[in-house]
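Spelled out, the chains give:
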Amino acid sequence: MTTKHEQILQHILSLEIGHKISVRQIAKTLNLSEGTAYRAIKDAENQGLVSTIERVGTIRIERKKKENIERLTFAEVINIVDGQVLGGRKGLHKTLSKFVIGAMQLDAMMRYTEAGSLLIVGNRVKAHELALSEGAAVLITGGFDTNDDIKQLADEKELPIMSTSYDTFTVAAMINRAIYDQLIKKEIVFVGDIYTPSNQSYYLYAKDKLKRWYELNDKSTHTRYPVVDEKERVVGMITSKDIIGKDQSILIEKVMTKNPIVVQDKTSLAYVAHMMVWEGIEVVPVVDASQKLKGVVSRQDVLKALQQIQRQPQVGETIDDVVSRNLQAIEGDETIFQARVTPQMTNQLGTLSNGVFTALMTEASSRVLRHIKKGDLVVENLTVYFIKPVQIDSNLIIKPELLEAGRIYAKIDIEVYNEKKLVGKGLLMAQLIDR
């Protein structure tokens, strides 16, 4: 039996792309409360099924595939530039392939404007008309309006014509930034990318007898299984430790661990890796919004994915990427590193930011551990002393020293030098993820 939340999401999925959605209308159609409808619409927005635009409302948009995430819809452009829609609202769900800055002669502008693109231009009415005729949407900058016949043409073509108070340069920068942010998101690996679906994994029912665990164990050689109720909602986990010395006729629900840790397919790989180490668990059930079992993710799945992640050249850089790229081992010694302080690594005063300072220490420690122990770390505690400010363009020397390394824990002392002067010290405690 599906929950009310699932019913609303299925209803939204069944709507045509471009269809306008309201809380009141969904509540009335499905005979549900407006609060339930509102929560489900917000969830649909998080899943990329709908987009909410000020003064327009919520519309059904096409869910973007991971490989096309850098392609924005016109609905998203409106939100990015705080704009308003003048015409062609039915085309807001469409994606743009490129955007063209209309700062040239009309004929030159049209050579670059093609179907699926977005022309960013001021109050040049002829340019608005020609772009729409070519199958391109229009974003008018400077807060200008356009003629009624142009708005009518936009409605006929189902291509948005929009207006924003920002100037052309600012608008281009804002859209570029949004695409860049999406490129960073594109590279984030989620549980949904790596988990084993429930139809290919093993699980037990709460009302099964313990004998069933032994049958699954012989069949799969696994020892850990999610436990579900009659509606296939996860209610527990059972491992070999739970069954030792127990009679095989006992029900699973009597010996299972209740309220287990679960994740959803939108949980990031990094979070799951951290949690598995932190909690010392090998298998985590993957559930949907109503706790129904979708599959399982194992420590092996996580480690394999961590090893396979490779950066794509077109992906935007995060601060951690900047730190990683700038940190180089000194020739002849794999345990001492150098890094140049670039503008992105500084604060408003032009000195190395505290966050980047910490990231440099963590990354250097991680590399030393990989070199010595062949494993990754999850930071548990880091005490940092910022002794002196570090100016832009400084060349830092970072010296991590492994004080202690057991099977699970490592303790590392880190010293950071600039021109042979000590500028920072740190003591890092970490848990190890063995490969």
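Worth saying up front: this structure is predicted, and the values here are computed from it rather than measured.

(A) Spotlight on the overall build of the protein. Each helix and strand in the protein was counted, giving 16 helices and 21 strands. Over its C-alpha atoms, taken along the principal directions, the protein stretches across nearly 80 × 70 × 35 Å. Looking at the protein as a whole, 44% of its 435 residues qualify as buried. Accessible surface, the protein: about 23100 Å² in total, of which carbon and sulfur atoms supply 49%. A distance of 3 Å separates the average location of the 57 positive side-chain charges in the protein from that of its 55 negative side-chain charges.

(B) Main features of the nonpolar core. With 28 residues, the main nonpolar core has Leu 352, Leu 360, Leu 396, Ile 398 and Val 416 as its most contacted residues. For this core, the elements supplying multiple residues, two or more each, are helix H15 (319–326), strand S17 (333–340), helix H16 (354–373), strand S19 (395–405), strand S20 (409–418) and strand S21 (421–434). The leading source of residues in this core is H16, at eight residues. In this structure, Ile 61, Leu 72, Ile 78 and Val 171 belong to the second largest nonpolar core, which totals 19 residues.

(C) Spatial organisation of the pattern of salt bridges. According to the stated counting rule, one finds 16 salt bridges in the structure shown. The shortest N-O distance in the salt bridge between Arg 233 and Asp 229 comes to 3.1 Å. On the basis of relative accessibility, which here comes to 32%, the residue Arg 233 falls in the partly exposed class. Judged by relative accessible area, Asp 229 falls into the buried class, the value being 12%. Notably, a salt bridge pairs Glu 404 with Lys 411, separated by 4.0 Å at the nearest N-O pair.

(D) Quick look at the packing of aromatic side chains. On inspection of all chains with the given rule, the structure shows four aromatic pairs. Here the aromatic rings of Trp 213 and Tyr 225 are separated by 6.4 Å at their centres, their planes lie at 80°, and the arrangement is edge-to-face. Remark: Tyr 225 occurs in strand S11 (residues 225–228) and Trp 213 occurs in helix H10 (residues 211–220); sequence separation between them is twelve residues. With respect to class, Trp 213 is no different from Tyr 225; both count as buried. One aromatic cluster in this structure is built from Trp 213, Tyr 214 and Tyr 225.

(E) Looking closely at the sheet that holds strand S9 (residues 196–197). The three strands lie next to each other as S9-S15-S14, forming an open sheet whose pairing is antiparallel. Two strands bound the open sheet, and with one partner strand each, they are S9 and strand S14 (283–287). Pairing between S14 and strand S15 (residues 293–298): five bridges, direction antiparallel. Among the inter-strand pairings, Val 283 is bridged to a residue of S15, identified as Ser 298.

(F) Looking closely at the UniProt feature "domain: CBS" (unreviewed entry) in the protein. Under the local residue numbering, the UniProt record ascribes the feature "domain: CBS" (unreviewed entry) to residues 195–254 and 256–314. Helix makes up 28% of residues 195–254 and strand 22%, and the two end C-alpha atoms of the span are 28 Å apart.

Here is what the cut-offs are and how they apply
- Residues numbered from 1 in each chain as written.
- Predicted model: local features only at pLDDT ≥ 70, side-chain atom pairs only at ≥ 80, totals over all residues.
- Heavy atoms only, no water.
- Helix = DSSP H or I, 4+ residues; strand = E, 2+ residues; numbered from the N terminus.
- Buried < 20%, exposed > 50% of the residue type's maximum accessible area, 1.4 Å probe, protein only.
- Areas by Shrake-Rupley, 256 points an atom, 1.4 Å probe, with all protein chains shown as cover.
- Lys, Arg positive; Asp, Glu negative; His and termini not counted.
- Charge placed at Lys NZ, Arg CZ, Asp CG, Glu CD.
- Core = buried A, V, L, I, M, F, W, Y, C linked by side-chain atoms within 4.5 Å.
- Salt bridge = Lys/Arg side-chain N within 4 Å of Asp/Glu carboxyl O.
- Phe/Tyr/Trp six-rings, centres within 6.5 Å; stacked < 30°, edge-to-face > 60°.
- Pairing = 2+ DSSP bridges.
- UniProt positions renumbered as here; feature names shortened; annotations may be inferred.

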